[in-house]
Amino acid sequence: MVKSMSKKFNEFIQGDSGDLSINRLTEIPNINSPQPPGDISTWFLGTRAENGAEFKELIGKAVDHIIEYRQTYLPDDPETITPEVKSSPEHRAGMGALTDAYNKLLEYLREYATPYFSMRYQGHVLWDTTLPGMLGYFATMLHNPNQLTIQMSTATTLLELLVGKDLCAMVGFPSNNEIEPWSHITAGGSIAIIEAVWATREMKFFPFAAREALKIEPALLKARNIEVPIVDGSHPKLLEATSWQLFNIRQDDILTLPQRIWDLCGESEELQDVYSVWDLLLKRSLNGRGWSAMSRTCFQDVGDLKMITSSTKHYTWPKAMASLGMGTDNEIDLYVDADARMDMKKLEEALAECLENRNPVLLTAAVLGSVEESAVDPLESILELRETYRKKGLEFNIHVDAAWGGYLMSMIRRDYKFAEQNSPLFIDDFSRVPCNEHTLRQLQRIRECDSATIDPHKMGYIPYPAGGNLYRNGQLKNLTIYAGSYIGATQSIRPQEPSVAIYGLEGSKPGARAAAVFLSHQVIRPSVSGYGKIVSQSMFNTKLFCLRLLLMATEQDNFIMVPLPRLKIEREGSNGDKESYLATLRSSLYGKTQDEILADPEAMAMFREIGCDENILCYAFNFKRQDGSINDDPELFFKLTDLVYDRFHVHYYEDGKAEDIHKYRFFLTSTIFQKSDYGPTFIENYAKRLGLSKTPDSIKVLRSIVMDPCVSDLPDGGSFFDEIIETLRSNVTEIIEQNFR
């Protein structure tokens, strides 16, 4: 029975090659089907709509399809809009009004819509969307399926199940007879995070639900002596274990409790199968009993339940603690190091304090690509520290917030099919992957964590909204089942119709987003041959842009430019001369084409370590005084940053109108780092590199998000970054001349 439970997800999915069916009757396209070689030029509309004719033709096919579909479905049915209706004055007037309003909308979009597709756009976390993503969304949108129930999404529920399986395969969550991972598409990373925290909270309290059920359910009498494995190595009886012990059981051991209880009790009038045990235990869960009742029996010998995050976390994490009733005061927010990565000394101190005060720890959230600093937390060290504290009796889940950075996995993920369970996950040689060694090591450890957030609508280049919530152990989703009989489902986890909506927070949700991710993943596999090409090019461009920024200021310029990411010699604490290092970068890399850099192993090794962990780059300018010294006044530095930012973001006026968006030759954003949030190490280091005489309470910086995967090398031998750098240089120079002389 263990196998059938762990494979419940697959009771509706057959065909490890990627085919999916319901009871082998309804087949859908194979997400693993062999595709002809493709490249970035075939996957996007193009910054100048170079693939416009092909896109128009394919969109036309979707329109033809929906017309034909409606005309051929039960063709004997009567028409409701007859030729007589269409010739009426009311119909002609209505269609005229529609056409007029539509034309005005197109004119409005033409004037005010953000040119996010441009090579000049380095604004927020979006760029162009893939052709298959747009086509999948558009074609499916015409059918308007709702994932709430498969009866409203007879095609797209299946697509989402398969996409979820594909996301788990991309990161390498193991699939075997013991554990089957699970994932589904959410409205965004925020929903995914709250869902993951909710499910983890319910898992943490599930042993208490089992204890309560064992006490009062006669059907479970034979299991009352069941023992539970605590991480410190002890095996107390569940009914005799302390609260501290029950809070410190591994997730996988907790999720096997219903199966173990069923094995002890066996089939009876009250228990038909293991799902009956799940139902009895879920009635006593925190979801069912509520905080008041649960608290009276769960916290006798322990303190408050804690969650650990770093200061680079997304703002959704405290929202999750608040909305789930655990309280933001119980979120332990750790300072970061000089590279904006979680400070491991701070984490160890926090865990030691939790152990001493007997505070159970729900989870530790590791950020794999923060959306401000573009930093990757040291996941490998967090995993190692968990093993250390397990031996001391403290257990916690690890969630990887890879909403931004999850698709970086495709740079090193081998091409795969679902049937290839035991094949190597990663490519053999990382030397040509434009990513620093630290980030590459962390990517390989995601599969060892308990849950993850990965948003296809970010680095998957999918139309909004398409977030992603992934569980290494798919049974975790059973703890968040909510359904209604009118959608063909009940509160029981017993397999019924395939569903993605009964798990988690959302109810109604568009099937079009599942189709968008499915078609994009089918055409552009999330591995080295597909998304790996897009993401690698984006990372290459980020490092190239950082290199150009590093080398843009000369002795003659009236400014210096300081990127937030430290140089390699600075990260290593080397005594090497910075100017000498920059000179080496200039001689080895400046002016080289991408092919030339890739062909030179030594140059590529240097290039990989330039800049941030991912592809969001923060940087700032400071001005030189008349005598050539660097301004050390934080207030004047802030003023300069504001003035530079003012040149590169759209302004809205009191009358609600926006400035002409087409006059902007470059788009970026800004952000502020607060000392109270980040801690002294991070702020002091950057303030010192900027030349400031004292450490301010906050530092405002410029922020470029380089999602553009277009090759920056131009046919004439130049680079498009020449244009961007010159735009920055001329504006910064002018601002300083006008305001600081």
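Up top you'll find the structure we're talking about.
Here the structure is a predicted model, which is why all the values come from computation and not from measurement.

What follows is about the environment of V197. Along the chain, V197 falls in helix α8 (residues 189–216). We classify V197 as buried; its relative accessible area is 0%. What V197 contacts, discounting residues up to four positions off in sequence, is M307, W317, A320, L324, M326, L362 and L363.

Turning our eyes to something else, we now look at a negative patch on the surface. Taken together, E348, E349, E353 and E356 make up a surface patch of like negative charges. The residue E349 is located in helix α15 (residues 344–357) in this model. Given the relative accessible area of 47%, E349 is considered partly exposed.

This part takes up the pattern of salt bridges. Scanning all chains against the criterion turns up 31 salt bridges. For R390, the salt bridge identified is with E395, shortest N-O distance 2.7 Å. Note on E395: relative accessible area 1%, which makes it buried. A single network of salt bridges, built from pairs that share partners, joins D252, R386, D450 and R472.

For the rest of this paragraph, the subject is the sheet that holds strand β9 (residues 616–623). A sheet is described by the order of its strands in space; here four strands give the open sequence β8-β9-β11-β10, paired in antiparallel fashion. Looking at which strands have only one partner, the edges of the open sheet turn out to be β8 (559–563) and β10 (669–674). Recorded for the sheet is a direction-independent mean angle of 40° between the axes of neighbouring strands. The pairing of β8 with β9 spans five bridges and is classified as antiparallel. Within the sheet, the bridge partner assigned to M561 lies in β9 and is F621.

Right, let's talk about α8 for a bit. Side chains three or four residues apart in an α-helix point the same way, a direct result of the helix having 3.6 residues per turn. An ideal rise of 1.5 Å per residue puts 40 Å on 28 residues; α8 measures up with 40 Å between its terminal C-alpha atoms. For α8, the principal kink sits at F205 and spans about 45°; a proline, P207, occurs within the next four residues. Taken across its 28 residues, α8 has 24 buried, putting it largely inside the fold.

This paragraph deals with the packing of aromatic side chains. Per the stated rule, a full pass over the model turns up 28 aromatic pairs. Measuring from ring centre to ring centre gives 6.1 Å for Y116 and F117, while their planes differ by 70°; the resulting arrangement is edge-to-face. Centre to centre, the rings of F648 and F666 are 5.6 Å apart; their planes meet at 75°, and the pair counts as edge-to-face. Pair noted here: F648 is in the loop between α24 (634–646) and β10 and F666 is in the loop between α24 and β10, with a separation of 18 residues, a long-range link. Judged by its relative accessible area of 3%, F648 is buried. Each residue in the set F205, F208, F247, W291 and F299 is aromatic and connected to the rest through ring pairs, giving one cluster. Here the guanidinium or amino end of R586 rests over the ring plane of Y590, the centre of that ring lying 5.3 Å away.

Another point: the packing of α24 against helix α27 (residues 720–739). Two numbers describe how α24 lies on α27: the axes approach to 10 Å, and their chain directions differ by 130°. It follows from the interaxial angle that α24 and α27 lie oblique. For the pair α24 and α27, the crossing hand works out as right-handed. Here K639, L640, L643 and V644 of α24 lie close against α27, whose contacting residues are V732, I735, I736 and N739. In terms of residue class, the contact of α24 with α27 is built from six nonpolar, one polar and one charged.

To continue, consider the sheet that holds strand β4 (residues 361–367). Spatial strand order, β1-β7-β6-β5-β4-β2-β3: seven strands in an open sheet with mixed pairing. Of all the strands in the sheet, just β1 (182–186) and β3 (331–334) have a single pairing partner and so form its edges. Mean inter-strand twist for the sheet, computed between neighbouring axes without regard to direction, equals 20°. Pairing geometry for strand β6 (residues 451–453) and strand β7 (residues 467–471), over three bridges, is antiparallel. When the sheet's bridge partners are listed, S451 is paired in β7 with Y471.

Rules used in this analysis
Residues numbered from 1 in each chain as written. Predicted model: local features only at pLDDT ≥ 70, side-chain atom pairs only at ≥ 80, totals over all residues. Heavy atoms only, no water. Helix = DSSP H or I, 4+ residues; strand = E, 2+ residues; numbered from the N terminus. Buried < 20%, exposed > 50% of the residue type's maximum accessible area, 1.4 Å probe, protein only. Contact = heavy atoms within 4.5 Å. Patch = residues over 30% accessible without salt bridge, like charges linked within 9 Å, V, L, I, M, F, W, Y side chains within 5 Å. Areas by Shrake-Rupley, 256 points an atom, 1.4 Å probe, with all protein chains shown as cover. Salt bridge = Lys/Arg side-chain N within 4 Å of Asp/Glu carboxyl O. Lys, Arg positive; Asp, Glu negative; His and termini not counted. Charge placed at Lys NZ, Arg CZ, Asp CG, Glu CD. Pairing = 2+ DSSP bridges. Axes fitted to C-alpha atoms, helices over the stretch in contact; angles between N-to-C directions. Expected span 1.5 Å × (residues − 1). Bend = angle between axes of the 7 residues up to and from the residue. Phe/Tyr/Trp six-rings, centres within 6.5 Å; stacked < 30°, edge-to-face > 60°. Lys NZ or Arg CZ within 6 Å of the ring centre and 35° of its normal. Parallel < 35°, antiparallel > 145°, perpendicular 65-115°, else oblique. Left-handed = near helix turned anticlockwise from the far one by under 90°. Nonpolar A, V, L, I, M, F, W, Y, C, P; charged D, E, K, R; others polar.

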